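Fold and geometry: a report
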Amino acid sequence: MRAVVLVGGFGTRLRPLTFTTPKPMLPVGNRPIIENLVSMLSQAGISEVVLALGFKPEPFMAAFPDGRCAGVALHYAVEPEPLDTGGAIRFAAQHAGIDDTFVVVNGDVLTDLDVGRLISFHRETAAEATIHLTPVDDPSAYGVVELDDTGRVKRFVEKPAPGTAPSNLINAGTYVFEPSVLERIEGGRKVSIERETFPALVAKGSLFALSTDDYWIDTGRPDTYRQANFDMLDGRRRISGCDAVAVGAEVDSTAEVDHSLVAAGTKVGARSVLRDTIVLPGARIGDDCQILGSIVMGRVESEANVVDCVIGADGIVSAGTKLASTSRPDPSQS
Ligand code: GTP
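Sequence order as written defines residue numbering, which begins from 1 separately in each chain. At least 70 in pLDDT is required for a residue's local features to be given in this predicted model, at least 80 for side-chain atom pairs to be given and counted, and no such filter applies to totals for whole chains, interfaces and linings, which use all residues. Each side-chain value is derived from all of the structure's non-hydrogen atoms; neither hydrogens nor water enter the calculation.

**Describing the side chain of Thr-174**
Tracing the sequence through the fold places Thr-174 in strand S12 (residues 169–177). Beyond its immediate stretch of four places on either side in the chain, Thr-174 contacts Val-103, Val-104, Val-105, Thr-111, Leu-113, Leu-118, Thr-130, Ile-131 and His-132. Strands are runs of DSSP state E lasting at least two residues, helices are runs of H or I lasting at least four, and both sets are numbered from the N terminus onward. Whether two residues touch is decided by their heavy atoms; if any such pair falls within 4.5 Å, the residues are in contact.

Written out as structure tokens, the structure is:
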């Protein structure tokens, strides 16, 4: 079976990191998100992954020059213009000539779901499309899904007022589709799979959903992207964890790496302290820096103090500067 992975979005919420690196190419546990995803798909027997590309396709092609990722063959489908999720699925599936049951995955979701189980459920119910659901503590910020006893989707409720949600289950971004779903997506224009195609399938009674409590995270925001890395570091995943300091990172022996991840192709200077921080490929951290709760892709010069910040590839924190996110209250003002 083949899978389409959506990787062509702008990733605006993760700017400035995504100005230079598309979100699915950012590392989680020192491996690009896309590699984590393809590895999960290979365990379910997926034989080819179609990358639905749009924004910045080149980094994907450069990262997998032999056209394989985690042992799986890749097919590159580059959209001429952004088509949104539904339009991108249709374009990529047609580009690859998909004409059988297939899997679709959002390129920014990480989960320990057994995709094979979702496929089996899809076949048992003879659904036209099946979506994976995950429970959340506060459903009022999401689109919530209501099911009947057989797993058929009855309706979607967008951002229900607190206390009124029919369930706490939300779309977790992994789907199994029959090729007939493609005929329901109009060609050549932007189509949202979530807002247009799924409601049309609900009206036909042919959309089913399977809820599981497997590990799940949407890596699309700085806080959740950081959390996804910590979950890997702290061993909260079904898959094995990762090293805090990747092979190929130059970390001075006097530096302190505390609950942080340091990628290959980075430098961390003498006596610098990293706490709850992600250091991304290309980052340069000088001597005697203190970096707390941050994500660094650019340069932090000596004796700088950085708290709760996201520093993009072009970002420079000059020597001796104290930089803190405005979202953290300044203790000196209280
Ligand atoms: P934000 O701009 O921060 O919302 O991120 P995003 O661009 O990734 O959008 P969103 O998280 O809603 O997208 C979900 C998934 O669909 C991500 O994996 C995106 O890469 C992908 N995606 C969104 N829009 C498009 C598109 O127009 N074309 C393609 N190929 N993929 C898309």
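Having put the structure on the table, let's press on.
**Observations regarding the domain arrangement of the protein**
Segment limits for the domains were obtained from an automatic or database-derived domain assignment. Its domain assignment divides the protein into domain 1 (2–221) and domain 2 (250–333). Facing the seven residues of domain 1 at the interface are eleven residues of domain 2. Buried area between domain 1 and domain 2, summed over both chains or domains, comes out near 690 Å², and the portion from carbon and sulfur atoms is 77%. Two parts placed together each lose some accessible area under a 1.4 Å probe, and adding up what both lose gives the buried area. Per-residue buried area on domain 1 facing domain 2 is highest for Leu-17, Pro-27 and Asn-30; these three make up 58% of the total on that side. Every case where a carboxyl oxygen of Asp or Glu lies within 4 Å of a side-chain nitrogen of Lys or Arg is listed as a salt bridge. Taken together, domain 1 and domain 2 are joined by zero salt bridges. Among the residues making up the side of domain 1 that touches domain 2, the classes are represented as four nonpolar, three polar and no charged. In this classification, the charged set is Asp, Glu, Lys and Arg, the nonpolar set is Ala, Val, Leu, Ile, Met, Phe, Trp, Tyr, Cys and Pro, and all remaining amino acids, among them Gly, are polar.

**Considering the site of the ligand**
In the region of the ligand, 19 residues are neighbours, and Leu-6, Thr-12, Arg-13, Glu-79 and Asp-84 sit closest. At a separation of 2.9 Å, an oxygen atom of the ligand approaches a polar backbone atom of Phe-10. Separating a nitrogen atom of the ligand from a backbone N or O atom of Ala-52 is a distance of 2.9 Å. The fraction of the free accessible surface of the ligand (620 Å²) that becomes covered by protein chains is 83%. For the shell around the ligand, the element with the most residues is helix H4 (residues 84–95), which contributes three residues. Residue classes in the shell around the ligand are distributed as seven nonpolar, seven polar and five charged. If a single non-hydrogen atom of a residue is within 4 Å of a molecule or strand, that residue counts as near it. Any pair of N or O atoms that falls within 3.5 Å is considered a polar contact. Within protein, one atom must be able to donate a hydrogen and the other to accept it, and sequence-neighbouring residues count only if both atoms are side-chain atoms. All accessible-area figures derive from a Shrake-Rupley calculation using a 1.4 Å probe, and residue coverage is judged against the displayed protein chains alone.

**Here's the deal with the packing of aromatic side chains**
Between rings of Phe, Tyr and Trp, where Trp is taken as its six-membered ring, a pair exists when centres lie within 6.5 Å; planes separated by under 30 degrees are stacked, by over 60 edge-to-face, and by other angles tilted. In the structure shown here, the tally under the stated rule is six aromatic pairs. Ring centres of Phe-102 and Phe-177 lie 5.8 Å apart, and the angle between their planes is 85 degrees; this geometry places the pair in the edge-to-face category. Here Phe-102 is found in strand S7 (residues 102–106), whereas its partner Phe-177 is found in strand S12, with 75 residues between them in sequence. Think of it in three bands: residues with accessible area under 20% of the maximum for their type are buried, residues over 50% are exposed, and the middle band is partly exposed, with areas taken using a 1.4 Å probe on protein chains only. With a relative accessible area of 0%, Phe-102 lands in the buried category. Relative to Phe-198, the ring of Phe-156 has its centre 6.3 Å away and its plane inclined at 10 degrees; by these criteria the two rings are stacked. Of this pair, Phe-156 sits in strand S11 (residues 153–158) while Phe-198 sits in helix H7 (residues 193–204), placing them 42 residues apart in sequence. In this structure Phe-198 comes out as buried when scored by relative accessible area, which is 0%. Feature note: the residues Phe-102, Phe-156, Tyr-175, Phe-177 and Phe-198 constitute an aromatic cluster, connected by ring pairs.

**Side note on the pattern of salt bridges**
Scanning all chains against the criterion turns up 17 salt bridges. In this structure, Glu-146 engages Arg-155 in a salt bridge whose closest nitrogen and oxygen atoms are separated by 2.5 Å. On the basis of relative accessible area, Glu-146 is assigned to the buried category, the value being 18%. On the basis of relative accessibility, which here comes to 42%, the residue Arg-155 falls in the partly exposed class. Between Arg-189 and Glu-186 there is a salt bridge, with its nearest N and O atoms 3.4 Å apart.

**Overview of the sheet that holds strand S25 (residues 305–307)**
Two strands qualify as a pair provided that DSSP identifies no fewer than 2 bridges between them. With parallel pairing, five strands are arranged side by side in an open sheet as S16-S19-S22-S25-S28. Looking at strand neighbours, the two that pair on one side only are strand S16 (256–258) and strand S28 (322–324), the edges of this open sheet. Shown here is a sheet whose adjacent strand axes are inclined to one another by a mean of 5 degrees, direction ignored. Relative to S25, strand S22 (residues 290–292) runs parallel, the two being bridged by three bridges. Paired with Gln-290 across the two strands is Asn-305, which belongs to S25. To obtain each axis, a line is fitted to C-alpha atoms, and for helices this fit is confined to the stretch in contact; angles are then taken between N-to-C directions over 0 to 180 degrees.

**What to know about the nonpolar core**
Residues grouped as a nonpolar core are buried Ala, Val, Leu, Ile, Met, Phe, Trp, Tyr and Cys residues, joined through side-chain atoms within 4.5 Å. In terms of nonpolar packing, the biggest core is built from 47 residues, with Val-5, Ile-34, Leu-41, Val-49, Leu-51, Val-103 and Tyr-225 touching the most fellow members. Of all elements in the fold, only strand S1 (2–6), helix H2 (33–43), strand S4 (48–53), strand S6 (72–78), S7, helix H5 (115–125), strand S13 (207–211) and helix H8 (222–233) reach the threshold of two or more residues within this core. No other element matches H2, which puts six residues into this core. Inspection of this core shows a minimum of three residues originating in each of domain 1 (2–221) and domain 2 (250–333). Each residue touching Ile-34, except ones within four places of it in the same chain, is listed here: Val-5, Val-7, Pro-24, Met-25, Leu-51, Phe-60, Phe-64 and Cys-69. One finds Val-4, Ile-131, Val-153 and Ile-193 within the second-largest nonpolar core, a separate group that totals 31 residues.

**What to know about the environment of Lys-190**
Here Lys-190 shows up in the loop between helix H6 (180–183) and H7. A relative accessible area of 53% places Lys-190 in the exposed class. Separated by 152 residues in sequence, Lys-190 and Val-38 place their C-alpha atoms 26 Å apart. With near-sequence residues (within four places) excluded, Lys-190 lies in contact with Pro-82, Leu-83, Asp-84 and Glu-196.

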